[in-house]
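Summary of the model geometry
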Amino acid sequence: MFINPISYPGNKNKLLSQITAEIPHETEVFVDIFCGSGVVGVNSPAKNIILNDISKQALELLNFFYTENFENIVSKIEDIINKYQLTYTRQQPKGFYIEYNHEGLSKYNKEAYNELKKDYNQDRSVDKLLVLLIYGFNHYIRFNKKGLFNVPVGKVDFSDSIYKALEAFVNHIKTKEICLSNKDFRDETLYADKNALYYFDPPYLITTAPYNQIWTEKEEKELLYILDSLNEQKIKFMLSNVLLSNGKENIMLKEWSKKYLVLPIKRQYRNANYQKINITDTNEVLIKNF
Ligand SMILES: C[S@@+](CC[C@H](N)C(=O)[O-])C[C@H]1O[C@@H](n2cnc3c(N)ncnc32)[C@H](O)[C@@H]1O
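Residues numbered from 1 in each chain as written. Predicted model: local features only at pLDDT ≥ 70, side-chain atom pairs only at ≥ 80, totals over all residues. Heavy atoms only, no water.

Oppositely charged side chains are able to pair whenever their charged atoms sit close together. Enumeration over the complete set of coordinates arrives at 14 salt bridges. A salt bridge links lysine 118 to glutamate 115, with the shortest nitrogen-to-oxygen separation between them at 3.6 Å. Of this pair, lysine 118 and glutamate 115 are both found in helix H5 (residues 106-122), 3 residues apart, which corresponds to roughly one turn of the helix. The exposure class assigned to lysine 118 is partly exposed, which follows from its relative accessible area of 44%. (Salt bridge = Lys/Arg side-chain N within 4 Å of Asp/Glu carboxyl O. Helix = DSSP H or I, 4+ residues; strand = E, 2+ residues; numbered from the N terminus. Buried < 20%, exposed > 50% of the residue type's maximum accessible area, 1.4 Å probe, protein only.)

Printed below as a string of structure tokens:
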């Protein structure tokens, strides 16, 4: 499995094997309508993959990974690390930085990171965004109402593990025929290929993530309508979602899903204060029509 080290909130990294196991091997075209970090599409067995998302920045990063070679990406990251004097544990002996459990490297990087964030918000480039995501809190990609990137500094830097994951992802994405698309999921032109398999991982109505504010019952109903219409045309789809999350139930989805195959997906969630790992009452599912 090839994981995008820029792990968006709601990404499917930990569930990948359960989801990709459901994709038939003979699938030629896989369309990831809400692709985010792109991990599901990129790990699908299909050779031709359409990665679509409404977020321009998500696509900009995927385009960077797809078109630039790994050495160039690293050298652009390193230029920024050097310019802003961010920590770079890969190039220092072990123990060079003193890390406190709850703070990690944040105290070393806070000022430089905020400077980089300010510069990025004034003059955007994909390499600056990538460094902000590597060094930012939980690798979140989040913009405020004015469109400004507003994530605080995180605890980690461009570590060996991020380097290796990035290398594997960047090399693997190039083995596929990727078409990047920046459309709203309601755009009919996305559904032109009747033989493709369509995968949907929308924002979830009953959980919280930075992009969930733009997802209401209206969008949810429109999505379910599209899925029914694909089914009527005998076009294959898979939908990731949650039926139950921390006591909240998505009743509309639960009723709708009875027409299709509902597969349980298992994961452990961290609880709200990010300290203990708890198994909550979340009922995560993959719903499919084949
Ligand atoms: C749950 S995340 C997808 C995560 C992805 N599967 C991954 O593993 O990284 C939902 C995505 O839907 C995108 N999105 C939200 N509203 C959308 C819309 N109207 N049309 C297309 N994409 C949308 C968000 O930008 C976000 O990347």
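There's more to say after this.
By size, the foremost hydrophobic cluster in this structure holds 59 residues, and its most contacted members are Phe65, Ile77, Leu86, Leu130 and Phe158. For this core, the leading source of residues is helix H6 (residues 126-135), giving 8 residues. Inspection of this core shows a minimum of three residues originating in each of domain 1 (13-62 + 173-288) and domain 2 (69-169). Formed by 25 residues, the second largest nonpolar core is a distinct cluster that contains Phe185, Phe200, Leu239 and Leu253. (Core = buried A, V, L, I, M, F, W, Y, C linked by side-chain atoms within 4.5 Å. Domains from an automatic or database assignment.)

Most of strand S5 (residues 236-245) sits inside the fold, with 8 of its 10 residues counted as buried. Sheet analysis places strand S4 (residues 197-200) next to S5, joined by 4 bridges and oriented parallel. Pairing of tyrosine 199 across the sheet is with methionine 238, part of S5. Sheet topology note: the S5/strand S10 (residues 283-288) ladder contains 6 bridges and is antiparallel. (Pairing = 2+ DSSP bridges.)

Right, let's get into the confidence of the model for the protein chain. For the protein chain, the mean per-residue pLDDT works out to 91, and 94% of the residues sit at or above 70. Here residues 274-278 scores under 50 on pLDDT; set against residues more than four positions off or in separate chains, the count is 10 contacts. (pLDDT = per-residue confidence, 0-100. Contact = heavy atoms within 4.5 Å.)

If you check the domain split of the protein chain, you get domain 1 (13-62 + 173-288) and domain 2 (69-169). Placing a centre on the C-alpha atoms of domain 1 and another on those of domain 2 gives a separation of 28 Å. Residue-level contacts link 12 residues of domain 1 with 13 residues of domain 2. Of the roughly 940 Å² buried between domain 1 and domain 2 on both sides combined, carbon and sulfur atoms contribute 72%. There are 0 salt bridges connecting domain 1 and domain 2. Linking domain 1 to domain 2 there are 1 residue pair in polar contact (both at pLDDT 80 or more). Mapped onto the side of domain 1 that touches domain 2, the elements with two or more residues apiece are helix H2 (39-42) and helix H3 (56-67). At 5 residues, H3 tops the list of elements feeding residues into the side of domain 1 that touches domain 2. In the side of domain 1 that touches domain 2, the residues fall into 8 nonpolar, 2 polar and 2 charged. (Buried area = accessible area lost by both parts, 1.4 Å probe. Polar contact = N/O pair within 3.5 Å; in protein donor to acceptor, adjacent residues only side chain to side chain. Nonpolar A, V, L, I, M, F, W, Y, C, P; charged D, E, K, R; others polar.)

As a further point, take the packing of H5 against H6. It is at 10 Å that the axes of H5 and H6 come closest, and there the two elements cross at 145°. In this structure, the crossing between H5 and H6 has a hand that is left-handed. Contacts between H5 and H6 involve Asn109, Tyr113, Leu116, Lys117, Asp119 and Tyr120 from the former and Lys128, Leu129, Val131, Leu132 and Tyr135 from the latter. Across the contact of H5 with H6, the residue classes break down as 7 nonpolar, 1 polar and 3 charged. (Axes fitted to C-alpha atoms, helices over the stretch in contact; angles between N-to-C directions. Left-handed = near helix turned anticlockwise from the far one by under 90°.)

Further remarks concern the site of the ligand. Taken together, 20 residues surround the ligand, and among them Lys12, Ser37, Asp53, Asp184 and Asp201 come closest. One of the backbone nitrogen or oxygen atoms of lysine 12 is found 2.8 Å away from an oxygen atom of the ligand. Contact distances for the ligand include 3.1 Å between a nitrogen atom and a backbone N or O atom of phenylalanine 185. Taking 610 Å² as the accessible area of the ligand by itself, protein coverage stands at 96%. Tallied by class, residues from the shell around the ligand come to 9 nonpolar, 5 polar and 6 charged. (Near = heavy atom within 4 Å. Areas by Shrake-Rupley, 256 points an atom, 1.4 Å probe, with all protein chains shown as cover.)

This brings us to unusual backbone geometry. Leaving glycine out, the prevailing phi sign among residues is negative, and the prevailing peptide bond configuration is trans. Positive phi, normally seen in glycine, also occurs at lysine 234, with a value near 60°. Inspection of the secondary structure assignment puts lysine 234 in the loop between helix H8 (217-232) and S5. We note that asparagine 246 has phi near 45°; this positive angle belongs to a residue other than glycine. Examined against the element boundaries, asparagine 246 turns out to sit in the loop between S5 and strand S6 (248-249). Asparagine 246 sits in the exposed class, given a relative accessible area of 56%.

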